[in-house]
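# Understanding the architecture of this molecule
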Amino acid sequence: MAEELCPTCGSMMEIAKMEDEDILRCTSCGFERPLIAVEPWDPEIDGFLTKYSLVAGIIAMIVLWAIIYTTILVQYR
Amino acid sequence: MAEERRWYTGMFSTEDWWAFWLGTFFVLLGIITSLSGVDLVGWIIKFSKWVAIEKAFRASHKELMSPIASLISTYIILLLTTSVGAYFMKWDIKKYFGAFTIVFWLSAIAYIIGENAYIAATELDRAKYGIDWSLSLGGAFYIMALIIGLIIGNFAPKGLREFIKLGARPEWFIKVAIVMLGAKLGYLAIKSFGYAVHLLTAGASATIAAYLLFWPLAFLAGRKLFKLSREWAACLASGISICGVSAAIATAGAIRARPIVPVMISALIVVFAVIELIVLPGILAAFWMNEPIAAGASLGLTVKTDGADAAAGAILDELMRSRAELELGQKWEEGWILMSAVNTKIWIDMFIGVWAFVLATIWVYRVERRPGEKVQKMEIWWRFPKFVLGYFLAMFLLLLIGFYLYPDTASAYKALTVGIKPVEGSLRKLFFVLTFTSIGIVTDFRALKQEGLGRLTAAYAFVLAVIIIPLGWLIAWLFHMGMMPPTVSP
């Protein structure tokens, strides 16, 4: 498993367990950071990414399916 | 100073390009044989079902050399040709020689054992082999190779395991095989052109719809249900929705995630792809016999490494054709179900670059708002899977030759069979078996026990089981409903 370099001293950090949380701990200076940071849902960013991709997916599926069904699949029914 | 990247960068130094070169080389040998009559492919080993061991393998053109000479020739030629690639990719050639040798011979043994008639023959075959019982396990040689590989990958001493891994290159071997599969598609399309075009078009459309739906749903589940941060959720969503390891790495690069993120997600992808490879073909063959092409396509949408997808497609192809012959009395042409699985997968592969570009643009201009920074459009080309060029090149070459150099399709098909069949059949299957052995060798289930993977494993398993597989099946069915493989002409 590849590790990450410590932002303060540049040594290798390793995954460790602290209470219920996995953290990255520097093997040299002891600097710690969360492996998976807590990052609240941001409607402007996360909502944007999810909403537009979902809408594009649904539209793409309907349009493409209609084209494929009427031009190709109908021949196999 | 970093080397400036140009459009041809990596042409002789990446696995992807070397899959293109090797696959195209073997396809050209087949084409030259067909056109000139000079036999450049008769040496290729052909494994068959057997009761007496001397019938287990022979040269593709048996008048050319003895079975043993063919086996040794195939070993030497594959060793030398892959070593050329290994040399240019700056691998340790001496170690590669040794490691590939082990992988090759393990694969050959697995192939021979798995083709034993008592294991592989169907009920209809038994009389032909003079036996009164058999397990009817079509494609058992693939499973045998996987089991042998898994035993080494999980139980061999660490030193030996790490050494053999130098010659176990599942993604490289399968990409070479996929280029040869392009030749098969072209060769079969000479007879069934319309059907091949339908399959390609339906697969491309299903892929676009699938990944546009997979990605936001996987991202949403990662963020909301499993409380993953944005960098983890985005890389996981790309890895599980688009094309596994490559997509996770491409996304991490595009959004500038920490290096540890794609590495941990890649470990999960590889292990889960092997679980899917073992589980899905059996389920699909048992419950979806009425939609074989949709079942194949669903594998391309749900199994997230090229190797495991093509491997699962090959097993499904064998299982479904055996059942169709036995239960429906229909002899389906070999390879169409496999091609359906590979078809959706290579379309997904092609979108990695596009998606990485889209995400990089969103991250630069919207998420992190990095002023003055621009995203290069060439990223799309750099991330394009180059072996796919070989797949389409092989297909178009065969079609052009078939349609323009011969008076009719029957004579074209017959003439091309001499040179192409050993490459798209025997050699491609051998590369598949090498892939199965290699997948087993590089898959270490202990990876799941490593620190820090708990929440990610749960997220990956949930998204795969609840979103990707059901939705993948639905989309595969919507876009391939009613399509059946052509049957073998009597």
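Please read all numbers here as calculations on a predicted model, not as lab measurements.

### Topic: the sheet that holds strand β4 (residues 32-34) of chain A
All names here are of chain A.
- What the 4 strands build is an open sheet, ordered β1-β2-β3-β4; its pairing is antiparallel. A single partner strand is all that each edge strand has here, and the edge strands are β1 (4-5) and β4.
- The sheet contact formed by strand β3 (residues 21-26) and β4 spans 3 bridges and is antiparallel. Its bridge partner lying in β4, leucine 24 is registered against arginine 33.

### Brief notes about the interface of chain A and chain B
- Taken together, the 31 residues of chain A in the interface contact 36 residues of chain B.
- At the level of elements, β2 (12-18) and α1 (43-71) of chain A are the ones that each hand at least two residues to the side of chain A that touches chain B.
- The leading source of residues in the side of chain A that touches chain B is α1 of chain A, at 14 residues.

### Here's the deal with the domain arrangement of chain A
- Under the domain assignment used here, chain A contains domain 1 (4-34) and domain 2 (43-76).
- Here domain 1 of chain A and domain 2 of chain A have C-alpha centroids that lie 43 Å from each other.

### As for the pairing of β2 of chain A
Residues and elements named next belong to chain A.
- Judged from the 2 bridges that link them, β1 and β2 form a sheet pairing that is antiparallel. Residue pairing across strands places glutamate 4 opposite methionine 13, the latter belonging to β2.
- The antiparallel pairing of β1 with β2 creates a hairpin that spans 6 residues between the two strands, and glycine 10 there sits at a positive phi of about 85 degrees.
- Both β2 and β3 contribute to a ladder of 6 bridges, which runs antiparallel. When the sheet's bridge partners are listed, methionine 18 is paired in β3 with glutamate 21.
- Hairpin geometry of β2 and β3 is characterised by an intervening segment of 2 residues between the two adjacent antiparallel strands and by a positive phi of about 50 degrees at glutamate 19.

### A look at helix α13 (residues 292-302) of chain B
- Burial analysis of α13 of chain B places 11 of its 11 residues in the buried class, the great majority of the element.
- All buried positions along α13 of chain B are accounted for by Pro292, Ile293, Ala294, Ala295, Gly296, Ala297, Ser298, Leu299, Gly300, Leu301 and Thr302 of chain B.

### Here we look at helix α10 (residues 230-241) of chain B
- The end-to-end C-alpha distance of α10 of chain B, which contains 12 residues, comes to 16 Å, matching closely the 16 Å that a straight helix rising 1.5 Å per residue would cover.
- Counting buried residues in α10 of chain B gives 12 out of 12 residues, a clear majority hidden from the surface.
- Along α10 of chain B, the residues classified as buried are Arg230, Glu231, Trp232, Ala233, Ala234, Cys235, Leu236, Ala237, Ser238, Gly239, Ile240 and Ser241 of chain B.
- Looking at the buried side of α10 of chain B, the elements it contacts are α1 of chain A together with α9 (193-225), α11 (244-255), α12 (260-287), α15 (336-367) and α19 (454-480) of chain B.

The rules behind each value
- Residues numbered from 1 in each chain as written.
- Chains lettered and ligands numbered in written order.
- Predicted model: local features only at pLDDT ≥ 70, side-chain atom pairs only at ≥ 80, totals over all residues.
- Pairing = 2+ DSSP bridges.
- Helix = DSSP H or I, 4+ residues; strand = E, 2+ residues; numbered from the N terminus.
- Contact = placed C-beta atoms within 7 Å.
- Domains from an automatic or database assignment.
- Buried ≥ 20, exposed ≤ 12 C-beta atoms within 10 Å, placed from the backbone.
- Expected span 1.5 Å × (residues − 1).

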